[in-house]
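# Understanding the architecture of this molecule
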Amino acid sequence: MNPIALELSDAGIRAAAKGPEGLIHLDGKKNESPGYSLPEKKVLLVGRRAEGAAFLHPREFNNRFWDQLNTESLQPSTPITRNHAEMAYFHMAWIWEKIKVHGDSLIIAVPGFYENPQLGILLSIARELSIPMEGVVALPLAAASEPCPEKLLLHLDIHLHRVELTFLEQGEQLIQRGTSSLKDRGLFYLQREWIQAISEVFVHTARYDPLHQAATEQELHN
């Protein structure tokens, strides 16, 4: 087996192959695919394509489906997807199509706050897409590559919608002891704060509000 390692973070999903290839271009020429979706006619745009048009359609885009991975019905739903799990399915299908030439199976590093319901949905998505799974590991455990015997390690991760602190204890084995999340204060929150601050400077110096039109707001986000 030649597994591909996939890091599942809605701020930017990344994949890496064994050998000299390293990180894989899985979303255009970029190594990261952010957790965005946007319905367009009869298809669902995902990743950077969705992010690149999200603020042109502020009521239609969704970037919470990996953070809130569940099968609860969305209100309103879209003609293409009814819940977050289906959005995640489309995103994973897009990613697998791009990376499967680099290996024949997946090992997925998942956020530390994922529990059995989220893991069950993720594995169901993999099964539906006929993705051979080698295993699933908590992302903080996968990140702790250097041995630190008898130490308590802290792993800090910034997702789109939360900052997550994970406590790791290393004895004979590395063990995840627990996680603590600050919700709705992740990268997306920071981006909105930065955009608001920049727009205020524009208004003050040029009497022009880039948030007044969707196109300039999207350009500022990009």
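Not measured: the values here are computed from a predicted model. (Residues numbered from 1 in each chain as written. Predicted model: local features only at pLDDT ≥ 70, side-chain atom pairs only at ≥ 80, totals over all residues. Heavy atoms only, no water.)

In the contact formed by helix α5 (residues 187-206) and helix α6 (residues 214-221), the axes pass within 10 Å of each other and the chain directions differ by 120 degrees. The handedness of the crossing between α5 and α6 is right-handed. Judged by residue contacts, Gln191, Arg192, Ile195 and Ile198 of α5 engage Glu217, Leu220 and His221 from α6. In terms of residue class, the contact of α5 with α6 is built from three nonpolar, two polar and two charged. (Axes fitted to C-alpha atoms, helices over the stretch in contact; angles between N-to-C directions. Helix = DSSP H or I, 4+ residues; strand = E, 2+ residues; numbered from the N terminus. Left-handed = near helix turned anticlockwise from the far one by under 90°. Contact = heavy atoms within 4.5 Å. Nonpolar A, V, L, I, M, F, W, Y, C, P; charged D, E, K, R; others polar.)

Our focus in this paragraph is the pairing of strand β8 (residues 152-158). Residues Leu153, His155 and Asp157 line the buried face of β8, whereas the alternating positions Leu152, Leu154, Leu156 and Ile158 sit on a face that is not buried. The pairing of β8 with strand β9 (residues 162-170) spans seven bridges and is classified as antiparallel. In the sheet register, leucine 154 faces β9, and the bridge partner there is phenylalanine 167. Linking β8 to β9, which pair antiparallel, is a turn of three residues. (Buried < 20%, exposed > 50% of the residue type's maximum accessible area, 1.4 Å probe, protein only. Pairing = 2+ DSSP bridges.)

Here the focus is the environment of proline 76. Checked against the element boundaries, proline 76 lands in the loop between α1 (48-51) and α2 (84-99). Residue classification places proline 76 among the exposed residues on the basis of a relative accessible area of 70%.

We now examine the nonpolar core. The nonpolar side chains of soluble globular proteins are, as a tendency, buried together. With 32 residues, the main nonpolar core has Leu6, Leu8, Trp66, Met92, Ile99, Leu106 and Ile108 as its most contacted residues. Counting only elements with at least two residues in this core, the list comes to β1 (3-7), β2 (14-17), β5 (43-46), α2, β6 (105-110) and α3 (116-128). If one sorts the elements of this core by residue count, α2 sits on top with seven residues. Not counting residues within four places of it along the chain, the set of residues in contact with methionine 92 comprises Leu6, Trp66, Ile108, Leu122, Ile125, Leu129 and Ile131. Core analysis: the next-biggest nonpolar cluster, separate from the first, contains 10 residues, Leu38, Ala50, Ala54 and Phe61 among them. (Core = buried A, V, L, I, M, F, W, Y, C linked by side-chain atoms within 4.5 Å.)

So, about the packing of aromatic side chains. Scanning the entire structure with this criterion turns up eight aromatic pairs. Between phenylalanine 61 and phenylalanine 188, the ring centres sit 6.5 Å apart and the planes meet at 65 degrees, which makes this aromatic pair edge-to-face. In this pair, phenylalanine 61 is assigned in the loop between α1 and α2 and phenylalanine 188 in helix α5, connecting sequence segments 127 residues apart. Exposure class is identical for phenylalanine 61 and phenylalanine 188. Each is buried. Aromatic ring contacts, followed pair by pair, group Tyr36, Phe55, Phe61 and Phe188 into a single cluster. Over the face of the ring belonging to tryptophan 94 we find arginine 49, whose NZ or CZ atom lies 4.3 Å from the ring centre. (Phe/Tyr/Trp six-rings, centres within 6.5 Å; stacked < 30°, edge-to-face > 60°. Lys NZ or Arg CZ within 6 Å of the ring centre and 35° of its normal.)

All right, on to the sheet that holds strand β3 (residues 22-23) then. The five strands are arranged β3-β2-β1-β6-β7 in an open sheet whose pairing can be described as mixed. What marks the edges here is a single partner per strand, and that holds for β3 and β7 (133-138). Where β6 meets β7, five bridges bridge the pair, whose relative direction is parallel. Note on β7: the bridge partner recorded for isoleucine 108 is valine 136. Sitting on the sheet, α2 is in contact with β1, β2 and β6, with an inclination near 140 degrees to β1. Strands β6 and β7 of the sheet are contacted by α3, whose axis makes an angle of about 155 degrees with β7.

Let us look at the side chain of glutamate 51. On the secondary structure map, glutamate 51 appears in helix α1. The buried charged residue glutamate 51 lacks any salt bridge, with arginine 48 as its nearest oppositely charged partner at 4.1 Å. For glutamate 51, the residues in contact, after removing those within four places along its chain, are Pro34, Tyr36, Gln218, His221 and Asn222. (Lys, Arg positive; Asp, Glu negative; His and termini not counted. Salt bridge = Lys/Arg side-chain N within 4 Å of Asp/Glu carboxyl O.)

Summed over the entire model, instances satisfying the criterion amount to seven salt bridges. Taking the shortest distance from any N to any O, the salt bridge between arginine 64 and aspartate 184 comes out at 3.2 Å. Remark: aspartate 184 occurs in the loop between β10 (174-183) and α5 and arginine 64 occurs in the loop between α1 and α2; sequence separation between them is 120 residues. By relative accessible area, which is 29% here, arginine 64 ends up partly exposed. Owing to a relative accessible area of 39%, aspartate 184 belongs among the partly exposed residues under this scheme. Lysine 100 is paired through a salt bridge with glutamate 97; the nearest N and O atoms lie 3.2 Å apart.

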